[in-house]
Amino acid sequence: RGNGTVRALTPAPPAGSRADVNPDEVASVIWKYFTELGGNAKDTAEQLHQSELSKQLNTLLKSNLQSVSAYAEDLQQRLEPFAAELQARLAQDSQRLKEQIQRELQELQAKLAPYADQVHQQIGTNIRQLQARMGPYAEELRSQVDRSAGELRQALEPYAAELRERLADNAESVQASLSPYAERLQRQIDGGVESVKQRLSPAADELKAQVERSVAELRRGLSPYAQEVRDGLERQLQSLSAQMERAAEELRARLAASSEELRAQLSPLARELREAASGDAESLRQRLQPLAQQLEQRLGQSLETFRQQAAPFGETFGQQLVQRLEEMRGKLDSGAAGVEDHLELLEKEVRDKVAAFLSTAAPPQN
């Protein structure tokens, strides 16, 4: 599943009105409501649901297309019936796809039964290869997290020393210089956190490449045993790939969320300094003394929390991928499909269709 932004405007609208609509965000709104609604809703619930879906799409488009309201309105008018039709089809396709996957998997299991040992060994080989590759990857991610936290600590520690030095000046001088100092500290925090995010972001791209490689190797390894049931095997591999890619996207989101959490823990330091500067000069030193003593300690605690939280993500991700391969082996042994199988494929279809719709949507002609 791609997470790129589709340029939804062709031909180009007037200068200054270009905007991006992220198809994944639109698809997520539609998919969320489909999974929440379930298959047994009454007509009234569906109408309520459609109204709520329309509201969510409206909010999403307005936030993305603030500078081109006419285009946002036009796009929403076309997107709403498309979303409603897609959602109605999902309810039908869900049951049909569930039954089809179960049939295919039973047929696949029957055809693979004579080669059960070889299939077991092949997936076992894939698991060992994946574990061998994920070990160094997880270690590299851990090193990157440690390095990023260490560099940010080095960048911020001089601010604690500077604040202690400032306390030796007279109160008026401290008060006058405190706000610019707090602004510099905030900029350093923001820049440091963005640097951490940029350094860790390629990790998820590398993971996607590992996922594609593992699925391609498994496809090659199993294809000699599944010539007559190639479609069934391919669908299982697509489902496996979708689950693994989702895990990679979750890792990307978790790394970004940990970085933002770090910003949220560090930013109050600058805010407290600004608040101290706005008070009277007399009590300024009393308020700053404990803050100057705590600054270094709080920096250290925040960075250590971030390091402990983010460093094991690579190992966790590797375990998830191995678990997916083991589930695949279990399904081929038993012929029983999991509930996630058809939902993964349905969601992938939704994302593909939304991306295709947005890529062909053109702005209204002026």
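Note that the structure is a prediction, hence the values are computed from the model and not measured.

Q: Would you mind showing me how to read the overall build of the protein chain here?
A: The helix and strand tally for the protein chain stands at nine helices and zero strands. Here the protein chain holds 366 residues, and 43% of them are scored as buried. Pairs at least 24 residues apart make up 84% of the contacts formed inside the protein chain by residues separated by at least 6 positions. On the protein chain, roughly 18,300 Å² of surface is accessible, and the fraction owed to carbon and sulfur atoms is 48%.

Q: Help me understand the nonpolar core, please; the structure alone is not making it clear to me.
A: Soluble globular proteins tend to bury their nonpolar side chains together. With 67 residues, the main nonpolar core has Leu 178, Leu 273, Leu 288, Phe 317 and Leu 332 as its most contacted residues. Once residues within four sequence positions are removed from consideration, Phe 317 is found in contact with Met 134, Leu 207, Val 211, Met 244, Ala 247, Ala 248 and Leu 251. Counting 26 residues, the second largest nonpolar core, distinct from the first, contains Val 21, Leu 57, Leu 75 and Leu 345.

Q: Which parts of the structure should I look at to understand the UniProt feature "coiled-coil region" (unreviewed entry) in the protein chain?
A: Residues annotated in UniProt with the feature "coiled-coil region" (unreviewed entry) correspond here to residues 83-118 and 230-261. Between the first and last C-alpha atoms of residues 83-118 the distance is 45 Å; the span itself is 92% helix and 0% strand. Secondary structure within residues 230-261 divides into 100% helix and 0% strand; the distance between the first and last C-alpha atoms comes to 46 Å.

Q: Help me understand the pattern of salt bridges in this model?
A: Opposite charge on two side chains allows them to pair when their charged atoms are near. With the rule as written, the count across this model stands at 31 salt bridges. Here Arg 235 makes a salt bridge to Glu 104, at a shortest N to O gap of 2.8 Å. Note that Arg 235 is positioned in helix α6 (residues 230-277) and Glu 104 in helix α3 (residues 69-112), a separation of 131 residues in sequence. Of the residues examined, Arg 235 reaches a relative accessible area of 22% and is grouped as partly exposed. In this structure, Glu 228 engages Lys 111 in a salt bridge whose closest nitrogen and oxygen atoms are separated by 3.0 Å.

Q: Would you explain helix α8 (residues 313-334) in this entry?
A: If you check α8, its first and last C-alpha atoms are 31 Å apart, about what 22 residues at 1.5 Å a residue would give, namely 32 Å. When α8 is considered as a whole, its buried residues turn out to be Phe 313, Gly 314, Phe 317, Gly 318, Leu 321, Val 322, Leu 325, Met 328, Arg 329, Lys 331 and Leu 332. Trailing α8 by a residue or two, Gly 335 shows a phi angle of about 75°, which is positive.

Q: Explain the environment of Ala 91 here, please?
A: Mapped onto the elements of the fold, Ala 91 is located in helix α3. Residue classification places Ala 91 among the partly exposed positions, given a relative accessible area of 43%. Through-space distance from the C-alpha of Ala 91 to that of Thr 35 is 9.6 Å; in sequence the pair is 56 residues apart.

Q: How do you make sense of the side chain of Glu 104 when you look at a structure like this?
A: Judged by relative accessible area, which is 16%, Glu 104 ranks as buried. Excluding residues that lie within four positions of it along the chain, Glu 104 makes contacts with Gly 232 and Arg 235.

Q: Help me understand the packing of helix α4 (residues 116-166) against α6, please; the structure alone is not making it clear to me.
A: How two helices sit against one another is set out by the angle between their axes and by the gap between those axes. Look at α4 against α6: their axes get within 13 Å of each other, and the N-to-C directions meet at 10°. Comparing their axes, α6 and α4 come out roughly parallel. Packed against α4, whose contacting residues are Leu 130, Tyr 137, Leu 141, Leu 152, Leu 156 and Leu 163, the element α6 presents Met 244, Leu 251, Leu 255, Leu 262, Leu 266 and Leu 273 at the interface. A breakdown of the residues in the contact of α4 with α6 according to their chemical character gives 12 nonpolar, no polar and no charged.

Conventions and cut-offs
Residues numbered from 1 in each chain as written. Predicted model: local features only at pLDDT ≥ 70, side-chain atom pairs only at ≥ 80, totals over all residues. Heavy atoms only, no water. Helix = DSSP H or I, 4+ residues; strand = E, 2+ residues; numbered from the N terminus. Buried < 20%, exposed > 50% of the residue type's maximum accessible area, 1.4 Å probe, protein only. Contact = heavy atoms within 4.5 Å. Areas by Shrake-Rupley, 256 points an atom, 1.4 Å probe, with all protein chains shown as cover. Core = buried A, V, L, I, M, F, W, Y, C linked by side-chain atoms within 4.5 Å. UniProt positions renumbered as here; feature names shortened; annotations may be inferred. Salt bridge = Lys/Arg side-chain N within 4 Å of Asp/Glu carboxyl O. Expected span 1.5 Å × (residues − 1). Axes fitted to C-alpha atoms, helices over the stretch in contact; angles between N-to-C directions. Parallel < 35°, antiparallel > 145°, perpendicular 65-115°, else oblique. Nonpolar A, V, L, I, M, F, W, Y, C, P; charged D, E, K, R; others polar.

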